[in-house]
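# What the coordinates show
Below are the chains, spelled out letter by letter.
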2 protein chains.
Amino acid sequence: MRVALLGGTGDIGEGIALRLARDADHEVHIGSRDAEKAERRAAEYVELLGDRGHDVVVSGHGNQAATAAADVVVVSVPPEYAASTVEAVAEDLDEGDVLVCPATQMDRDEDGFHYDPPSAGSVAEAVAAAAPAGVPVVGAFQNVAAGALTDLDNDLEVDVVMTGDDADAKETIRGLVEAIDGIRALDGGGLANSSEVESITPLLINLAMNNDGMHDLGVRFQ
Amino acid sequence: MRVALLGGTGDIGEGIALRLARDADHEVHIGSRDAEKAERRAAEYVELLGDRGHDVVVSGHGNQAATAAADVVVVSVPPEYAASTVEAVAEDLDEGDVLVCPATQMDRDEDGFHYDPPSAGSVAEAVAAAAPAGVPVVGAFQNVAAGALTDLDNDLEVDVVMTGDDADAKETIRGLVEAIDGIRALDGGGLANSSEVESITPLLINLAMNNDGMHDLGVRFQ
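### Here's the deal with the overall build of chain A
Counting secondary structure elements, chain A contains nine helices and eleven strands. Scaling as 2.2 N^0.38, a compact globule of 222 residues should have a C-alpha radius of gyration of about 17 Å, and chain A matches this with 16 Å. Taken along the three principal axes of its C-alpha coordinates, chain A extends 40 × 40 × 30 Å. Put simply, chain A has 222 residues, and 55% of those count as buried. Summarising the internal contacts of chain A: among those between residues at least 6 apart in sequence, 73% fall at separations of at least 24.

Here's what the structure looks like:
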């Protein structure tokens, strides 16, 4: 599979890139608005994994070139840029490509973090509204901490809930998710069910803030 | 500890009552708008646990008498009746009693279940708005399936997130929650953080609907 990580120089993009490159036989393309930065970060990921004995192929591009090179495009940019990033790469998406939305939107007050969804109902639905026809969106990865993904000694043992309206696209993303060691993919139903997944992320931060010894939390359903 | 379960004839109330009576040395008072029904159900719980070799004290009352007899009052009624139930027992609450809100509010469409909070932001906050001064509210137990609690052979292995603005009240409820075998209590911060806990419940149902072999799900943070 050819996977692009738009905003793949950020922490969640880095985490997914490192895990996919290490655990799966995927071609990983790092995208950024700044192509040179993407190339530099891609070289760092290759070196970091090389130091651990993993010979991987990770390349860096502008977001449009990364999108053009991939079949699965992970929109790992800050939530406020998710829809506009998809609009900016719309012409580089082919029919049948799949967009993955790992973002959630939060605000913070004295009690902690709170889910603050966009008017579409969820970030995943906002991304879907911006996506071209024939390019399905799957929500996934919202509840995996970037710090857990980038710590390659962390065994994870967490779940990723997938939401989406295209069953084939969800099965494609199940393959992508479960290629990462220690992650189980669960079907959360349609894209309209995304807000209940996205809203777990602020809770994970609140739990880490309020319970000694807990950090970089994920979730397991059992 | 003396614990009242208002609406303790319903499924989540039954589950908490059975577990508390079996695992902890608490005095359990079942409350219902119909005192005779509460007495009948309490007798059934005593018999059910007796058949399994547990000699327990569970009694049934009207909601007001159950409240008067208890230090901790669990509002295990359907969410639309939570605030009005608290108002109906307000005079039977003593200063220093603690209210526990295990309820969430959901609606359903073709995609599945969705969190549908009251205007207060969460059911727990709506209950707090109805509570007398000096009686703190703690959100807890929303993400434990009634079916898992009432199946006394289920080992649970799940987390309960507590939210509340009164630290002492939260510590009291931590003791109550962790008295139940297989449940870990986590501090989710202030009561304003309740919606992110309540909104997990519809996701648990959606996951059970969409994944073979999953049912009566709970959640574990790790």
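Don't stop here, the text continues.
### Describing the confidence of the model for chain A
Within chain A, residue pLDDT values average 97, and 100% of them lie at 70 or more. Here the complex is predicted with pTM 0.96, and the ipTM for its interfaces comes to 0.95.

### Details of the sheet that holds strand β5 (residues 98-101) of chain B
Residue and element names in this part refer to chain B. Ordered by their spatial adjacency, eight strands build an open sheet running β3-β2-β1-β4-β5-β8-β9-β10, and the pairing between neighbours is mixed. In this open sheet, the two edge strands, each paired with only one partner strand, are β3 (58-62) and β10 (183-187). Across the sheet, the mean angle from the axis of one strand to that of its neighbour is 25°, orientation sign disregarded. Bridging between strand β8 (residues 137-139) and strand β9 (residues 158-164) involves two bridges; their strand directions are antiparallel. The residue of β9 that forms the bridge with Val 138 is Gly 164.

### Focus on the relation of the copies chain A and chain B
Two copies of a chain can be linked by a rotation about an axis combined with a shift along that same axis. When chain A is fitted onto chain B, the two copies agree to an RMSD of 0.0 Å after a turn of 180° and an axial shift of 0.0 Å. Here the symmetry operator amounts to a two-fold rotation axis. Relative to the rotation axis, the closest C-alpha in chain A is found at A:Arg220, a distance of 2.6 Å. An overlap of 100% is found between the interface residues of chain A and their copies at the interface of chain B, pointing to a shared contact surface.

### Considerations on unusual backbone geometry
Of note in this structure, A:Asp216 is not a glycine but carries a positive phi near 50°. Note on placement: A:Asp216 falls in the loop between α9 (200-210) and β11 (219-221). We note that B:Leu156 has phi near 65°; this positive angle belongs to a residue other than glycine. You can see B:Leu156 is positioned in the loop between α6 (146-150) and β9. The exposure class assigned to B:Leu156 is buried, which follows from the 21 C-beta atoms found within 10 Å.

### Digging into the nonpolar core
Judged by nonpolar contacts, the single largest core of 140 residues is most densely connected at A:Val75, A:Val100, A:Val127, B:Val75, B:Val100 and B:Val127. Not counting chain neighbours up to four residues away, the residues in contact with A:Val75 comprise A:Leu6, A:Ala82, A:Thr85, A:Val86, A:Leu99, A:Val100, A:Cys101, A:Ala103 and A:Val127.

### Re the sheet that holds strand β5 (residues 98-101) of chain A
Across a sheet, paired strands are connected by hydrogen bonds in the backbone, their directions being either parallel or antiparallel. All names here are of chain A. A sheet is described by the order of its strands in space; here eight strands give the open sequence β3-β2-β1-β4-β5-β8-β9-β10, paired in mixed fashion. Every interior strand has two partners, whereas the edge strands, β3 (58-62) and β10 (183-187), have only one. The mean angle between the axes of side-by-side strands here comes to 25°, regardless of whether they run parallel or antiparallel. Examined bridge by bridge, strand β4 (residues 72-75) and β5 share three bridges and lie parallel to one another. Pairing of Val 73 across the sheet is with Leu 99, part of β5.

### Topic: helix α5 (residues 123-130) of chain B
Residues and elements named next belong to chain B. Counting buried residues in α5 gives six out of eight residues, a clear majority hidden from the surface. Residues of α5 that are buried: Val 123, Ala 124, Glu 125, Ala 126, Val 127 and Ala 128. Buried-residue contacts for α5 involve β4 (72-75), α4 (82-88), β5, β8, β9 and α8 (195-198).

### Examining the interface of chain A and chain B
Counting residues at the interface gives 31 residues for chain A and 31 residues for chain B. Contributions of two or more residues to the side of chain A that touches chain B are made by β7 (112-115), β10, α8 (195-198), α9 and β11 of chain A. Taken together, the residues of the side of chain A that touches chain B break down into 14 nonpolar, twelve polar and five charged. Judged from the three bridges that link them, β11(A) and strand β11 (residues 219-221) of chain B form a sheet pairing that is antiparallel. What sits directly across from A:Arg220, in β11(B), is B:Arg220.

### Side note on helix α7 (residues 167-178) of chain A
Residues and elements named next belong to chain A. The end-to-end C-alpha distance of α7, which contains twelve residues, comes to 16 Å, matching closely the 16 Å that a straight helix rising 1.5 Å per residue would cover. Those residues of α7 that sit buried are Ala 169, Lys 170, Thr 172, Ile 173, Leu 176 and Val 177. Projected onto a plane normal to the axis of α7, the buried residues spread over an arc of 155° and lie on a single side. What points out from α7, more than 90 degrees from its buried face, is the exposed set Ala 167 and Asp 168. Of the surrounding secondary structure, the elements contacted by the buried residues of α7 are β1 (2-6), β4, β5, β8 (137-139), β9 (158-164) and β10.

Calculation rules
Residues numbered from 1 in each chain as written. Chains lettered and ligands numbered in written order. Predicted model: local features only at pLDDT ≥ 70, side-chain atom pairs only at ≥ 80, totals over all residues. Helix = DSSP H or I, 4+ residues; strand = E, 2+ residues; numbered from the N terminus. Rg over C-alpha atoms; globule rule 2.2 N^0.38 Å. Buried ≥ 20, exposed ≤ 12 C-beta atoms within 10 Å, placed from the backbone. Contact = placed C-beta atoms within 7 Å. pLDDT = per-residue confidence, 0-100. Pairing = 2+ DSSP bridges. Axes fitted to C-alpha atoms, helices over the stretch in contact; angles between N-to-C directions. Least-squares fit on C-alpha atoms with pLDDT ≥ 70 in both. Core = buried A, V, L, I, M, F, W, Y, C linked by C-beta atoms within 7 Å. Nonpolar A, V, L, I, M, F, W, Y, C, P; charged D, E, K, R; others polar. Expected span 1.5 Å × (residues − 1). Arc of directions from axis to C-beta.

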